[in-house]
Amino acid sequence: MSAKIFHNPRCSKSRQTLALLEENGVEPTVIEYLKTPPSKDELVFILEKLGMQPRDLMRKNEAEYKENGLDDTSLTTDQLIEGMIAHPKLIERPIVINGDQVRIGRPPEGVLEIF
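In this convention, every chain numbers its residues from 1, walking through the sequence in written order. Note on the predicted model: pLDDT of at least 70 is required for a residue's local features to be given, and 80 or more for side-chain atom pairs to be given and counted; whole-chain, interface and lining totals, by contrast, use all residues. Remark: hydrogens and water are excluded; side-chain values derive from all non-hydrogen atoms of the structure.

Undergrad: Which residues make up the overall build of the protein, and what values do they have?
TA: Broken down by element type, the protein carries four helices and four strands. Listed N to C, the secondary structure of the protein is β-α-β-α-α-α-β-β in terms of helices and strands. Here the C-alpha atoms of the protein give a radius of gyration of 14 Å, agreeing with the 13 Å that 2.2 N^0.38 yields for 115 residues. On the principal axes, the C-alpha backbone points of the protein span a range of 45 × 25 × 20 Å. Burial status follows relative accessibility: with a 1.4 Å probe on protein chains alone, a residue under 20% of its type maximum counts as buried, one over 50% as exposed, and anything between as partly exposed. Sorting the 115 residues of the protein into buried and exposed places 43% on the buried side. In the protein, 62% of the contacts between residues at least 6 apart in sequence involve partners at least 24 apart. The Shrake-Rupley method, run with a 1.4 Å probe, gives the accessible areas here. Residue values count only the displayed protein chains as cover. Carbon and sulfur atoms form 46% of the exposed surface of the protein, whose accessible area is close to 6,200 Å². For the purpose of charge, His is not counted, nor are the chain termini; Lys and Arg are scored as positive and Asp and Glu as negative. Note that the charge is assigned to NZ on lysines, CZ on arginines, CG on aspartates and CD on glutamates. Looking at the protein, you have 15 positive and 19 negative side-chain charges, and the mean spots of the two groups are 4 Å apart. Each helix corresponds to a stretch of at least 4 residues labelled H or I by DSSP, and each strand to a stretch of at least 2 residues labelled E; elements are numbered beginning at the N terminus. Each radius of gyration is computed over the set of C-alpha atoms, and the globule rule expresses the reference value as 2.2 Å times the number of residues to the power 0.38. Contacts are assigned to residue pairs that have any heavy atoms within 4.5 Å of one another.

Undergrad: Break down the sheet that holds strand β1 (residues 4-7) for me, with residues and values.
TA: Two strands pair if DSSP finds at least two bridges between them. Spatial strand order, β2-β1-β3-β4: four strands in an open sheet with mixed pairing. If you trace the sheet from one side to the other, it starts and ends with β2 (29-32) and β4 (101-104), each paired once. Taken pair by pair, the neighbouring strands of this sheet meet at an average axis angle of 20°, ignoring direction. Note: β1 against β2, four bridges, orientation parallel. Residue pairing across strands places I5 opposite V30, the latter belonging to β2. Working convention: axes come from line fits to C-alpha atoms, limited for helices to the stretch in contact. Angles between N-to-C directions cover 0 to 180 degrees.

Right under this line is the structure:
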């Protein structure tokens, strides 16, 4: 399995992470997740590997978070994951996957641990 990055070209951290990978000889598959959101299975895998709950991987300061009721504490894990797929802007970025290891590029250097 080759490396993947869920990337937003408008995000400086995402651009820095992609550049860092390339500088280190890693040519990941670049997935612009705003155009192609991760599937439910991919998000479940990412959350599991990061040891996070859905809210931990959400950008709670984005307007879409409250506008879509995702701040409702009674929502289930599945409902939150569906919200992330419907509103991919809420997914923290960038996410790098290498095999069965996952890291968030904050700070960008952290992703090098999985290579």
